[in-house]
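Analysis of the macromolecular model
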Amino acid sequence: MTGPRLGLFTRLLENAPAADRYRFALEQIRHADQLGFASAWVAQHHFGEHEGGLPSPFVLLAAAAQHTTDIALGTAVLTLPIDDPLRAAEDAAVLDALSGRRVQLGIAAGGTPSSFPAFGRDPAARRELYAEHLEVLRNTLAGRGIRGTDSQIYPPAGDLDERIWQATFSADGGRRAGQAGDGLLLSRTQPRPDGKHDLPLHALQLPIIEAYRSALPDGAAPRILASRTALVVDPAQRARALQLAEPGLRKLAATQPGFDASGASHTELIAVTDTHVGTAEEVTASLAADASLREVTDVSFQVHSIDAGHELTLRSLELLATEVAPQLGFATGPAAARELREAHRVPVA
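1. Re the nonpolar core
With 63 residues, the main nonpolar core has I29, F37, L105, I107, L137, L141 and F301 as its most contacted residues. Ignoring sequence-local partners within four residues, the contact set of I29 consists of L8, A40, V42, L60, L61, A64, T68, I71 and L73. Counting residues in hydrophobic clusters, the runner-up holds 17 residues, among them V233, A245, A253 and L312.

2. Describing the packing of aromatic side chains
This structure, assessed with the given rule, holds three aromatic pairs. Between W41 and W165 the ring centres are 5.5 Å apart and the planes differ by 80°, which places this aromatic pair in the edge-to-face class. Taken together, the residues W41 in strand β2 (residues 39-42) and W165 in strand β5 (residues 164-167) connect sequence positions 124 residues apart. Grouping residues by exposure puts W41 and W165 together as buried. With 5.7 Å between their ring centres and 50° between their planes, F47 and F119 make a pair best called tilted. Here F47, found in the loop between β2 and α2 (57-65), pairs with F119, found in the loop between β4 (103-108) and α4 (126-142); they are 72 residues apart in sequence, far enough to count as distant.

3. Brief notes about α2
Along an α-helix, residues three or four apart share an orientation, since each turn contains 3.6 residues. The element α2 is extensively covered by neighbouring structure, given that seven of its nine residues are classed as buried. Considered for burial, the residues of α2 that qualify are P57, F58, L60, L61, A62, A64 and A65. Tucked inside the fold, the buried residues of α2 contact α1 (18-35), β2, β3 (72-79), α3 (85-99) and β4.

4. A look at the pairing of β2
The two faces of β2 match: S39 and W41 on one face and A40 and V42 on the other face are all buried. Bridging between strand β1 (residues 5-10) and β2 involves four bridges; their strand directions are parallel. Paired with F9 across the two strands is W41, which belongs to β2. Read as a crossover between parallel neighbours, the route from β1 over α1 to β2 is right-handed. Looking at chain direction, β2 and β3 are connected through four bridges and run parallel. Within β3, the residue paired with S39 across the bridge is A72. This β-α-β element, β2 to α2 to β3, shows right-handed connectivity.

5. Things to note about the packing of helix α9 (residues 280-288) against helix α10 (residues 310-328)
Running from N to C, α9 and α10 point in directions that differ by 35°, and their axes come no closer than 10 Å. The interaxial crossing formed by α9 with α10 has right-handed handedness. Two secondary-structure elements touch here, α9 through A280, V283, T284, L287 and A288 and α10 through E323, V324, Q327 and L328. Residues belonging to the contact of α9 with α10 are distributed by class as follows: six nonpolar, two polar and one charged.

6. Thoughts on the pairing of strand β6 (residues 183-186)
Burial of β6 is two-sided: the residues G183 and L185 facing one way and the residues L184 and L186 facing the other way are all buried. Judged from the three bridges that link them, β5 and β6 form a sheet pairing that is parallel. Bridge pairing in β6 links A167 to L185. In this fold, β5 hands off to helix α5 (residues 171-180), which returns the chain to β6; that crossover is right-handed. Looking at chain direction, β6 and strand β7 (residues 224-232) are connected through three bridges and run parallel. Residue pairing across strands places L184 opposite I224, the latter belonging to β7.

7. So, unusual backbone geometry
A cis amide bond links A76 to the next residue, V77, at an omega of 10°. Assignment of secondary structure puts V77 in strand β3. That bond from Y154 to P155 is cis: its omega, 0°, falls within 30 degrees of zero. One non-glycine residue, R147, adopts positive backbone phi at about 50°.

8. Some remarks on the pattern of salt bridges
For the structure on display, the rule yields 20 salt bridges. Note that R5 and D298 form a salt bridge whose closest N and O atoms lie 2.7 Å from each other. In this pair, R5 is assigned in strand β1 and D298 in strand β9 (residues 298-302), connecting sequence segments 293 residues apart. The exposure class of R5 is buried, given its relative accessible area of 4%. On the accessibility criterion, D298 (0% relative accessible area) is buried. The partner of E342 in a salt bridge is R345, with the nearest N and O atoms 2.9 Å apart.

Definitions and limits used
- Residues numbered from 1 in each chain as written.
- Predicted model: local features only at pLDDT ≥ 70, side-chain atom pairs only at ≥ 80, totals over all residues.
- Heavy atoms only, no water.
- Core = buried A, V, L, I, M, F, W, Y, C linked by side-chain atoms within 4.5 Å.
- Buried < 20%, exposed > 50% of the residue type's maximum accessible area, 1.4 Å probe, protein only.
- Contact = heavy atoms within 4.5 Å.
- Phe/Tyr/Trp six-rings, centres within 6.5 Å; stacked < 30°, edge-to-face > 60°.
- Helix = DSSP H or I, 4+ residues; strand = E, 2+ residues; numbered from the N terminus.
- Pairing = 2+ DSSP bridges.
- Right-handed = clockwise from strand over helix to strand, strands pointing away.
- Axes fitted to C-alpha atoms, helices over the stretch in contact; angles between N-to-C directions.
- Left-handed = near helix turned anticlockwise from the far one by under 90°.
- Nonpolar A, V, L, I, M, F, W, Y, C, P; charged D, E, K, R; others polar.
- Salt bridge = Lys/Arg side-chain N within 4 Å of Asp/Glu carboxyl O.

Laid out in structure tokens, this is it:
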């Protein structure tokens, strides 16, 4: 592999009814598969349409499996402290069987705190719940019994327990993922220390990557995915893209400690939110400056927090695959998808 494998990520945030959001996501995943993207990742969110539009990622990915052939189908992420880990394992195993073993299982301890009580969970205990549920998930997928019983799920999960990825914002989280031999998921919304809004994203994420790599068991291959925001447009659409970007980026920038988003310019908003927007040439140049991307095995792109609309999103996927990826050496095509499918099995000398 010459560079990270190219992926798609979506939170299903189009300004549209739920049925249209799901249709758009399926069309985008199918389009990405045809363009040679190695992976497609969807987020899980509960209760409301503003943070994300999908509470049931396995349902949508099962539909995507029927319209795609090569692309990996991933959760980024499953909110494990809320979900029942047995049901998550069963759903993942069914999806894996339907898709021809294309599932990548991304999980996290996060989730919106207000979502926990409706599931009978205490958000203050999310870390303990996460550890407990992760143990059940691993044992269930690996066929080691479930909660002290000899029960086994059907269909069997095969090696799906080796295709787990953990999301984290911290070096300690990276270290834990590495010790377990799991993949590492890095977010484009990495929090900045108070007042350090000018720090580049790679300055925050390279230490996490290093902690992860140093903790991997001997011979375990690293699996590291960085999620980034990119909207790539034709030159004639550049002004429109910047106009569409402004409201969402200003809202996101306002969450950065110590940053006054109210009077910030487009350039400042793009910088503080680590957004890549513009022509293929511009996006290629800005991505080339992200040192993290030279250390990861996979990179996924979303248009959010830009409300780009479905058609511009489809065109952005085309330009990422045909113009940006070749210039940056990103791996695409069926070979890249197969490589990801086997990445957890590749020994490192």
